[in-house]
Amino acid sequence: MLVEHELMLFAGLLFLIGTLDELAVDLLWLWLRLTGRARTERIAEDQVHRALTGPAAVFIPAWREAAVIGPTVRHALQHWPHDRLRLYVGCYRNDPATIEAVLAAAQGDPRLRLVIHGRYGPSTKADCLNRLYRALEDDERRAGRTARMVVMHDAEDMIDPAALSVLDTHIEAADLVQLPVLPHPLSGSRWVASHYCEEFAEAHGKAMVVRDALRAGLPTAGVGCAIARHALAQLDSKNGGQGPFAAECLTEDYELGLGVAALGGRSRFVRCRTADGRLVATRACFPARLDSAVRQKTRWVHGIAFQSWDRLGWGRRPVDLWMRLRDRRGPLTALVLAVAYLLLALVALGWIGELAGFGFAPDPSPVLFVLLAVNLAGFAWRAAWRFAFTAREYGVAEGVRAVLRIPVANVIAIMAGRRALCGYVASLTGREPSWDKTSHTIHPAIAQEAGANQ
């Protein structure tokens, strides 16, 4: 019973710290809403495809993405008709299926630039991005003009028709602009793939809005983000000409955003809706299987919590320290959640033993009772926020499912935290990181068509 009491105290105190941390973000967001500083912009219909003010390059790294790269390329070229756009798709010479899919989807559109990496894949995503950057430099030298911005996307993304114009508008006053990500809920994976819906709805509806208002370093999502061309050149120079993206890093998108901030660049997170109310965001289908979701989140935790700790430090300003603590809490969160579920099992066994006549469970101490009551209220508060943000983007039914999926998200976090720790320990022995990418078989455009036909 002493062990159970101490575990409860340990988990309860850490849960309380997490609750206070989230409450601070909640209150800041409410204040921003009340003062009008978190107002969502509106874009007129005639501005969706307005002419770009300068050349734009879109980088899409791809390794074994034959199943989804075709719809991505077709959709982007169709819905972004701008003549000053060029799509750079990076493939590997030992991946002919992806190369073939890219060429078939382009249908001879001169705005597509297929870049074949000289190395056999996979290397890392950042390494592929650096190869695309060199291809852009070559094209700029030949054309005698430079791009105004570089937009990053993944091979499985469905771009928003208005996104390019929005990014072009806001890059005028910023060095980095990030648009929201909106995961596509999958009817065939309501519990695994769809749990990303509530995570991004709350993170990109609240946390990133607060981060932007505080002028903290803004990590990119790796998709739906634009970087000013001069900022990439500065990062390349800072990296000794090895490329602007950290090739040895598993989360180059996270480091990219903080790297721009470290150079003194201004970052913006932009929430915008079209005249019909559609959120201008990148749509994507996330892993539908448990093992794939764990593998993807393992890479995020490893790169953000462990690698960036070593590589980026903690920042100089208090607000940066706070945000980096939030970013890197994944392993600790996994530990606390694991302890909490262990406690639930111990308490259940204690109740069963008491019913069977094997002793009785002692009442919790007054301090522990108050701690448990506060944490229970905090959990209800968090569930309400999760429901609200999910329901706003996906409807009430998905909002209810978001609350019911909390245990699933917790289990994935526990498994990913353990796997990330093991991977980090292995990396200390000198093992180089590889592109432990997620396999994609479903594209949002295809999923939407399938849903409409059901």
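Scroll up to find the structure this text is about.
Description of the structure in this document.

About the cut-offs
Residues numbered from 1 in each chain as written. Predicted model: local features only at pLDDT ≥ 70, side-chain atom pairs only at ≥ 80, totals over all residues. Heavy atoms only, no water. Helix = DSSP H or I, 4+ residues; strand = E, 2+ residues; numbered from the N terminus. Rg over C-alpha atoms; globule rule 2.2 N^0.38 Å. Contact = heavy atoms within 4.5 Å. Areas by Shrake-Rupley, 256 points an atom, 1.4 Å probe, with all protein chains shown as cover. Lys, Arg positive; Asp, Glu negative; His and termini not counted. Charge placed at Lys NZ, Arg CZ, Asp CG, Glu CD. Buried < 20%, exposed > 50% of the residue type's maximum accessible area, 1.4 Å probe, protein only. Pairing = 2+ DSSP bridges. Right-handed = clockwise from strand over helix to strand, strands pointing away. Axes fitted to C-alpha atoms, helices over the stretch in contact; angles between N-to-C directions. Parallel < 35°, antiparallel > 145°, perpendicular 65-115°, else oblique. Left-handed = near helix turned anticlockwise from the far one by under 90°. Phe/Tyr/Trp six-rings, centres within 6.5 Å; stacked < 30°, edge-to-face > 60°. Polar contact = N/O pair within 3.5 Å; in protein donor to acceptor, adjacent residues only side chain to side chain.

Each helix and strand counted, the protein has 15 helices and 11 strands in total. Rg of the C-alpha trace for the protein: 23 Å, near the compact-globule value of 22 Å for 454 residues, within the 12% margin. Counting only C-alpha atoms, the protein reaches 80 × 50 × 50 Å along its principal axes. A separation of at least 24 residues holds for 84% of the contacts in the protein among residues at least 6 apart in sequence. When the accessible surface of the protein is split by element, carbon and sulfur atoms take 61% of a total near 20,700 Å². Considering the protein, the positive charge centre built from 52 side chains and the negative charge centre built from 46 side chains are found 3 Å apart.

For strand β2 (residues 56–61), a buried count of six out of six residues is recorded, marking the element as mostly surrounded by other parts of the structure. Burial of β2 is two-sided: the residues Ala56, Val58 and Ile60 facing one way and the residues Ala57, Phe59 and Pro61 facing the other way are all buried. The pairing of β2 with strand β3 (residues 85–92) spans six bridges and is parallel. In the sheet register, Ala57 faces β3, and the bridge partner there is Arg86. For the crossover that starts at β2, traverses helix α2 (residues 69–79) and ends in the parallel β3, the hand is right-handed. Bridge count between β2 and strand β5 (residues 149–152): four bridges; the pairing is parallel. Residue pairing in the sheet places Ala57 in a bridge with Val150 of β5.

Our focus in this paragraph is the packing of helix α11 (residues 330–355) against helix α14 (residues 406–427). One way to put it is that α11 packs onto α14 with a least axis distance of 8 Å and a crossing angle of 120°. Put simply, α11 runs oblique to α14. The handedness of the crossing between α11 and α14 is left-handed. Mapping the contact onto sequence places Ala334, Leu337, Ala338 and Tyr341 in α11 and Pro407, Asn410, Ala413, Ile414 and Gly417 in α14.

Inspection of the secondary structure assignment puts Ala228 in strand β8 (residues 225–228). Taking the C-alpha atoms as reference points, Ala228 and Asp168, separated by 60 residues in sequence, lie 9.8 Å from one another. Ala228 has contacts with Arg148, Met149, Ile171, Ala174 and Asp175, leaving out every residue within four places of it along the chain.

Here the focus is the sheet that holds β5. Overall, mixed pairing links the seven strands, which are arranged β4-β3-β2-β5-β8-β6-β9 in an open sheet. Of all strands in the sheet, those with a lone pairing partner are β4 (112–117) and β9 (267–269), marking the two edges. Between one strand axis and the next, the sheet turns by 20° as a mean value, whatever way the strands run.

Within the secondary structure, Val403 is located in helix α13 (residues 396–404). The exposure class assigned to Val403 is partly exposed, which follows from its relative accessible area of 29%. Along the chain, Val403 and Ala262 lie 141 residues apart, while their C-alpha atoms are 37 Å from each other. The residues contacting Val403, other than those within four sequence positions of it, are Ala383 and Phe387.

Attention shifts here to the environment of Arg419. Tracing the sequence through the fold places Arg419 in helix α14. For the pair Arg419 and Arg299, spaced 120 residues apart in the sequence, the C-alpha separation amounts to 9.0 Å.

By convention here, two paired aromatic rings are described through the distance between centres and the angle between planes. Going through the model one piece at a time under the given rule, you end up with 12 aromatic pairs. Where Trp29 meets Trp385, the ring centres are 5.7 Å apart and the plane angle is 80°; that geometry is what we call edge-to-face. With Trp29 in helix α1 (residues 2–34) and Trp385 in helix α12 (residues 366–394), this residue pair connects regions lying 356 residues apart in the sequence. According to the relative accessible area criterion, Trp29 is buried, its value standing at 12%. A relative accessible area of 9% places Trp385 in the buried class.

For the rest of this paragraph, the subject is the side chain of Arg273. With respect to the helices, strands and loops of the structure, Arg273 is situated in strand β10 (residues 272–274). Under the relative-accessibility criterion, Arg273 is labelled buried at 12%. A polar side-chain atom of Arg273 sits 3.1 Å from the main-chain carbonyl oxygen of Gly277. When neighbours within four sequence positions are excluded, Arg273 is seen to be in contact with Thr40, Glu41, Arg42, Ile43, Arg278, Leu279, Val280, Arg392 and Glu393.

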